[in-house]
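Below are the chains, spelled out letter by letter.
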Protein chains: 2
Amino acid sequence: MSETDSAPETTSPPPAIVLVEPQLGENIGTAARAMANFGLDDLRLVAPRDGWPSEKATAAASGATHVIDRVRVFETTEAAIADLNFVLATTARARGFHRPVLGPEEAAARTLAPAGNAVSGVLFGRERWGLTNEEVALADAILTYPVDTRFASLNIAQAVLVFAYEWRRQATASALPFAAQPSAPPASKADVLGLCAHLEQALEPTGYFRPPEMRPVMVRNLRTLIQDAGFTETQVHLLRGVVAHLEGRRGRPIPRETPAPDETVGESGPSDT
Amino acid sequence: MSETDSAPETTSPPPAIVLVEPQLGENIGTAARAMANFGLDDLRLVAPRDGWPSEKATAAASGATHVIDRVRVFETTEAAIADLNFVLATTARARGFHRPVLGPEEAAARTLAPAGNAVSGVLFGRERWGLTNEEVALADAILTYPVDTRFASLNIAQAVLVFAYEWRRQATASALPFAAQPSAPPASKADVLGLCAHLEQALEPTGYFRPPEMRPVMVRNLRTLIQDAGFTETQVHLLRGVVAHLEGRRGRPIPRETPAPDETVGESGPSDT
């Protein structure tokens, strides 16, 4: 298992998340957690209804204290974005603005590749009614989500999460926290053909290959099945053991009575043939 | 504003979301809402701790009743995935399985392009400790998220949301619920040059173009600025009005006293020159 570096490879500072007049501390906390999950940490609040700091926010952040501790509170949206160079405003409806409308994918790309050292930010509106037209007009572009229009209402923290995910996906080229175990090497042809031969030999006396003229086709189908399965060397050995045991049991009827508790069918020794 | 169709263009059925032994009704509801946002509606529960139906789940679903009403409850994970052809298991840590490890992007792509009419599903584990190794072993691949490893814990509903978003992003080619207002056409060269000439003429008597030998450079800089701004025809007319008013006010000192309430600076008529 190799862990990737936590810091994404980007020269642009991670975008700021600006919650405008958030009403519920829980949403602020969940937004902070969502940011922390995907490596954002600049959370700004404009006139939070219930003040700041907020115990509910801290609880809902589930330990994302580095985001909560860094929160800055502003009286106006203008003040909150004063140091930013490129600002997105999230809206769920068309508003008639002559502004580019971006999905999370394009929006994140824009915050990753601004001119020079530009700093970006994303405005999220109030739980009940979003951003005012004046607030949207402060932004350079509109961010909206590719939602199902039959159920388009995204919770603020969910909207923050999707943006943060998109940002990180692109910033880190989708770097995952762990990689697959290196695959066991596939079995050699000799192992695979050995298994095929063993299986055919075990089937020979059972009457499986009937009528005899069908034998070549049946053998070919079995060999294709086994080769295409892509078994590893270990799995081929496992299957040789299975065939050996089944072969050993040939002719022994499966008992009709319930086996005794300590008798495990299939693990019994060589059969009575 | 043109709304896109709600139904994504995909022939594969949308993947099922399987919550294994979810503990909190709220999380089931929030997961249902996240699914509805991005067009998923097949939610399956394996032995939910507090039973089903759940008032808390319904409340947290915020109206995603079409998902809640369709929920199916199973006693075992095996039963919940019996009809599926391709199953992903979400895990936050490497588990030493010889399974492909996919991010949301690849995982969603796999559920969109399975062989034939295959149906896919994604397993999400318990809030506290995820999926058992036996449950992960039921899956064809592991799904994990490109999280910041310093804060990797994703809430179940958040994990469902990110997967659902990725699925829809790819299923609909990022179709957004609304498009930008069609841009107003850019101003004609004649309009732009007319504005430049007007501005230069207005500046001429103010002493702006000094020293005189700098005039050509100063004119060029102004014209470049105006042309590069990409103004629309309407905006050029707006700026002509601005220049006309400033020009009219030339030489009239800005009053130092506070203007009377009904006197708006800048909207006064032609000046006293």
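Please refer to the structure higher up on the page.
Residues numbered from 1 in each chain as written. Chains lettered and ligands numbered in written order. Predicted model: local features only at pLDDT ≥ 70, side-chain atom pairs only at ≥ 80, totals over all residues. Heavy atoms only, no water.

A word on the relation of the copies chain B and chain A
For step 1, the next point in the chain: Of the transformation placing chain B onto chain A, the axial shift is 0.1 Å and the rotation is 180 degrees, giving an RMSD of 0.1 Å. Here the transformation between the copies is reduced to the relation of a two-fold axis. Among all C-alpha atoms of chain B, that of Val162 of chain B lies closest to the rotation axis, at 3.2 Å.
For step 2, the next point in the chain: A high fraction, 100%, of the interface residues of chain B reappear at the interface in chain A, so the copies pair face to face through one surface. (Least-squares fit on C-alpha atoms with pLDDT ≥ 70 in both. Contact = heavy atoms within 4.5 Å.)

Quick word on the interface of chain B and chain A
For step 1, the next point in the chain: Across the boundary between the two partners, chain B contributes 60 residues, which contact 60 residues of chain A.
For step 2, the next point in the chain: A combined buried area of about 4800 Å² lies between chain B and chain A, and 61% of that area is made up of carbon and sulfur atoms.
For step 3, the next point in the chain: When the buried area of chain B at its contact with chain A is split by residue, Pro146, Phe151 and Phe178 of chain B rank highest and sum to 16% of it.
For step 4, the next point in the chain: In this assembly, chain B and chain A are joined by four salt bridges.
For step 5, the next point in the chain: Measuring nitrogen to oxygen at the nearest pair gives 2.7 Å for the salt bridge that ties Glu105 of chain B to Arg169 of chain A.
For step 6, the next point in the chain: Applying the counting rule to chain B against chain A returns 16 residue pairs in polar contact (both at pLDDT 80 or more).
For step 7, the next point in the chain: Elements that contribute at least two residues to the side of chain B that touches chain A include exactly helix H1 (25-37), strand S5 (101-102), helix H5 (104-112) and helix H7 (156-171) of chain B. (Buried area = accessible area lost by both parts, 1.4 Å probe. Salt bridge = Lys/Arg side-chain N within 4 Å of Asp/Glu carboxyl O. Polar contact = N/O pair within 3.5 Å; in protein donor to acceptor, adjacent residues only side chain to side chain. Helix = DSSP H or I, 4+ residues; strand = E, 2+ residues; numbered from the N terminus.)

Quick word on the packing of aromatic side chains
For step 1, the next point in the chain: Summed over all chains, the structure comprises five aromatic pairs over all chains.
For step 2, the next point in the chain: Both rings, one in Tyr208 of chain B and one in Phe209 of chain B, keep their centres 5.1 Å apart while their planes meet at 80 degrees; by these two values the pair is edge-to-face.
For step 3, the next point in the chain: Relative accessible area serves as the criterion here: at 37%, Tyr208 of chain B is assigned to the partly exposed category.
For step 4, the next point in the chain: Joined through ring pairs, the aromatic side chains of Phe38 and Tyr165 of chain A together with Phe38 and Tyr165 of chain B make up one cluster.
For step 5, the next point in the chain: Stacked on the ring of Phe209 of chain A, the Lys or Arg Arg215 of chain A has its end atom at 4.8 Å from the ring centre. (Phe/Tyr/Trp six-rings, centres within 6.5 Å; stacked < 30°, edge-to-face > 60°. Buried < 20%, exposed > 50% of the residue type's maximum accessible area, 1.4 Å probe, protein only. Lys NZ or Arg CZ within 6 Å of the ring centre and 35° of its normal.)

Here we look at the nonpolar core
For step 1, the next point in the chain: Counting residues in hydrophobic clusters, the biggest one holds 86 residues, and the most contacted among them are Phe163 of chain A together with Phe163 of chain B.
For step 2, the next point in the chain: If we skip the residues at most four places from it in the chain, Phe163 of chain B touches Pro15, Ile17, Leu40, Leu88, Ala107, Ala108, Thr111, Val122, Leu143 and Tyr145 of chain B. (Core = buried A, V, L, I, M, F, W, Y, C linked by side-chain atoms within 4.5 Å.)

Remarks on unusual backbone geometry
Keep in mind that most residues, glycine aside, have a negative phi and that most peptide bonds are trans.
All names here are of chain A.
For step 1, the next point in the chain: Cis geometry is found at the peptide bond from Trp52 to Pro53, where omega equals 5 degrees.
For step 2, the next point in the chain: Secondary-structure assignment places Pro53 in the loop between strand S2 (43-46) and helix H2 (55-60).
For step 3, the next point in the chain: We note that Glu21 has phi near 45 degrees; this positive angle belongs to a residue other than glycine.
For step 4, the next point in the chain: When you line up the elements, Glu21 lands in the loop between strand S1 (16-20) and helix H1 (25-37).
For step 5, the next point in the chain: Of note in this structure, Ser62 is not a glycine but carries a positive phi near 50 degrees.
For step 6, the next point in the chain: Within the fold, Ser62 resides in the loop between H2 and helix H3 (65-70).

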